[in-house]
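What follows is each chain in one-letter form.
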Amino acid sequence: MKRLYIYLRFYFVSFLYILLTLSLIVGIYIYSIPQLKLGSLIIYNRFYSNLNSIPEWLYIVNYFIFVFIIAIVIIIGWTIRYSVRKKRNTVADIIFQEKYIPQLFEYLFSEHEYTEEEKKIKLNRLSTIISSDHLKRTVINVLREINAQTKGVINEKTQRLFEALKMDYLVYSYLRSLHVKDKIFAIKTISTFKLPHYESRILKLTKSRNLILRSEAIVAMMHLNAENDPLSFVLSEGYTPTLWDLNIIIKTITELEVIQIDYVDLINSEKEFISLLGIMLARKNNQTQFKQIIAAKLSNPNKMISDEAFLSCISFAENGADYNELINKYLLASENLKLEIITCLRYSPDTQSAMEFLKWVVESQKLVQKVEALKSLFELDFNTIMYYKSSEDEYIRKSCLQILDINL
Amino acid sequence: MNTFNWIDIITSIFFIYGCMLFALYLMNAILSLSEFRRYSVKNKYVDYKTMLSFEKIPTVSVIAPAFNEGKSIVENVKCLNSLSYPDYDLIIVNDGSTDDTLEKLISSFDLIESAQAIDVHLYTEPIRNLYYSRNPVYSHLTVIDKDNGGKADALNAAINVSNKDLFLAIDVDCLLEPDAIERMVKPFLEDRKYEVIAAGGVIRVVNSCVVENGKVIEVKYPKNFWAKFQVLEYFRAFTLGRMAWSKINALLIISGAFGLFDRNRVINVGGYDRNTVGEDLELVVRLRRYMHEVEKKKYRVAFIPDPLCWTEVPEDFNNLFRQRNRWTRGAIDTILKHRRMFLNPKYKLIGILSFPNWVLFEWLGPIIQFVGILYFVFLAIFGAVDYKIFLTLLIFVFTFSLMYSLFAIFFEIYTFNKYKGIGFFFQSLLVIILEMFIYQPLNMIFSLSGHLDYYFKKKTHKVWGKMERVGFN
């Protein structure tokens, strides 16, 4: 019954729509119905006779005035109602936070072993207090926060308490709610308490157009599948991530310390952002064995993929051949990546090739690249800097001055 | 044609103009409502702290020109230095100040001259020196000291020095919310279909608010009446106006006090125009033209309605007059420069709707209003006014304005609720009523003076005019 109530409530017509409809009806009556017959009773519309005598365009102006007045009344009413409601919720929150949350904390964090009877009494008391949805959410949010930040006994206690509160109907109805706020609440709860029977619904939400819903669903999906393949949904049909999603996935992977990732499928995916994700994860987890597959992406037309491939190749570079490959592909790199390549060359075992290349950069490339190349040369061979210091090229001289500036 | 026919024709022109203006405001209200709903659903529950641990985000330079800001520069730089974005640097441009701005910066932040070489993409007045801080707390602060060349010139110099993906152009006296950059950058990360080329944010009035260590600690409704009028005006302009134009991707202005831009694209279009006082509007129009004429890609100028940037607004008649006069001159300059966009379908909604809006209601608006008032007086003198119709139309305008402004205030209370308590709502109600009879007519006069200065004072029409600030509480 409770579930039905919550479910139906989201579809109830709001107060505003009732008011708008009423004003529309009143407006139609005033402006277009001369008299109203209710059985034997006839109600004459006095406004109509007055309004009917004015020009047509002024009649429309009058109607607009009527609409504006109604709108003003509605806005004022709505604002007052909203402010009062907000204040009431804030007061309820304060009372709850001050009075009941400490009790909850005491139960969760005390070393005292409660008997089953004691637990039952406490649970009953808590259930009575959290009668409104607002308070139920507050309690679950508190439990969720504690669960996410703890391990061991306290973590288990929050899990057990959540199960004992029997909030499944709330999660179920909120997950189907029309309000984003409710959906987020449900997804977060599912994700934290690992409620497995909602997986298919969550999978659908990973493709939602709403960014925050999608993000939360991604996190939940990865949490639910933390021990199997948390990225399986990424390769599922119809999933196209954004840069935001990519960052969320990488962040969650890091938090979960995931080991099982299908790098090859990710890197070779036809979807650009998924390929990008694969390369990023390989670099982050130092998966040097995929160096060759990633090197093939250096000339990818998508700038983000090629940039990421360059970053990975820089990070994986070990021998002279790796560094020489970077030198060969230098012109394909974006401006910022060019600087990274120049910087990494100071660690190349093939010093001669590196120095020749750096000298070429100093003599023929842009100012920022000249500066970076001179920095690397400074590390490799200080005499070269002294040679360039008296160069005829003004930009090379300026760059040298910057390198030699002790404050930079 | 007899006299009465002439009167009918002129009256009809004013009537049609009024109807168009009314339709525009109605469109604004409807579109902004829809866009607000969409934005709210998409962003209300985003935890921006997650962005701090993101791997792939654009790098940002916060650039702020300063001219004779000695009184508050230290406090402002401290505020800008405490933003939470993971990868940003701060570039302050001392645009040839004649007061102690540079000296204060040097002593407060332990600055030291450096010989950094600069890639010059945009022409600017000569740079005298670059300074960096020896204090690790200010390691990402760069101060450019250059010859005076105006705000646009200073911004261009900072763009030259920056090497980040995006730049956030702000007024140095603005106070930013700690997560301001995250919120502004978000559209650059989330859009799949469109490339975001710039993002504009909302400016809020800081007068009377409590400021501590460069942060707004307590938001208070201004005590000064001029500031109160501007709070209302900013609500309407940002919440309803810009939100609506953003909905149809036809926003033409990003406030100069707070706007995020793609640095490479700005360099490609030649940076800020040094010859206008409306450089913020002009840059966005030029960027849009560039996207339509050169890149021909799907793109978007995003708008973030969250209150992220706080600024001090003029609290007296003279400063307000100078500010509005300058805004008008800037708008006229841009409109005339890009006049070929007017009703040009090549620029899609920008050419068909947004640019004509600027021409008809921003440029010509004050002139038509003024002529309208003169015309009414003329008709009244000759007894040709039907007072019944006049009164009906007056009530129409009055109720519509009241509804429109209340709508903006309701949005604020419903979404951001920065001004606490229902008292703010009722105070605003009074301000709305007074605004219609005091502030709106004055604004018309300020704009008219801008017109006169632009057309008849050729020597001064590109002068910024002095702005005096009261300072923070």
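Fair warning: this is a prediction, and the values are worked out from it, not measured in the lab.

S.K.: Outline the sheet that holds strand β4 (residues 127-133) of chain B, listing residues and values.
M.R.: Residues and elements named next belong to chain B. The strand order across the open sheet built from 10 strands is β3-β4-β5-β2-β1-β6-β11-β8-β12-β7, with neighbouring strands paired in mixed fashion. Since the sheet does not close on itself, it has two edges, and those belong to β3 (111-114) and β7 (175-176), each with one partner. In this sheet, strand β6 (residues 166-170) lies alongside strand β1 (residues 60-66) in parallel orientation, the contact comprising 4 bridges. If you follow V60 over to β6, its bridge partner there is L166. Sitting on the sheet, helix α3 (residues 101-109) is in contact with β1, β2 (88-95), β3, β4 and β5 (141-146), with an inclination near 155 degrees to β5.

S.K.: Talk me through the interface of chain B and chain A; I want residue IDs and the actual numbers.
M.R.: Between chain B and chain A, the residue contacts involve 48 residues of the former and 53 residues of the latter. Seen at the junction of chain B and chain A, the total is 2 salt bridges. B:K56 is paired through a salt bridge with A:E308; the nearest N and O atoms lie 2.8 Å apart. Counting across the interface, chain B meets chain A through 8 residue pairs in polar contact (both at pLDDT 80 or more). Secondary structure elements with two or more residues in the side of chain B that touches chain A: α1 (3-43), β3, α5 (180-190), α12 (387-415) and α13 (422-437) of chain B. Ranked by the residues each element gives to the side of chain B that touches chain A, the list is headed by α12(B), at 15 residues.

S.K.: Hey, could you go over the pattern of salt bridges for me, with residue numbers and the actual values?
M.R.: Tallied over the full model, the rule gives 41 salt bridges over all chains. We note a salt bridge from A:R137 to A:D182, for which the minimum N-O separation is 2.5 Å. Residue A:R137 is located in helix α7 (residues 133-149), and its partner A:D182 is located in helix α10 (residues 180-193); the two are separated by 45 residues in the primary sequence. Residue A:R137 is classed as buried on the basis of its relative accessible area of 12%. On the basis of relative accessibility, which here comes to 7%, the residue A:D182 falls in the buried class. Residue A:K284 pairs with B:E55 through a salt bridge whose shortest N-O separation is 3.0 Å. One end of the pair, A:K284, is in helix α15 (residues 272-284); the other, B:E55, is in the loop between α1 and β1, on a second chain. Judged by relative accessible area, which is 35%, A:K284 ranks as partly exposed. Through salt bridges with shared partners, a single network forms among B:D95, B:E125, B:K146, B:D153 and B:R274.

Criteria and cut-off values
- Residues numbered from 1 in each chain as written.
- Chains lettered and ligands numbered in written order.
- Predicted model: local features only at pLDDT ≥ 70, side-chain atom pairs only at ≥ 80, totals over all residues.
- Heavy atoms only, no water.
- Pairing = 2+ DSSP bridges.
- Helix = DSSP H or I, 4+ residues; strand = E, 2+ residues; numbered from the N terminus.
- Contact = heavy atoms within 4.5 Å.
- Axes fitted to C-alpha atoms, helices over the stretch in contact; angles between N-to-C directions.
- Salt bridge = Lys/Arg side-chain N within 4 Å of Asp/Glu carboxyl O.
- Polar contact = N/O pair within 3.5 Å; in protein donor to acceptor, adjacent residues only side chain to side chain.
- Buried < 20%, exposed > 50% of the residue type's maximum accessible area, 1.4 Å probe, protein only.

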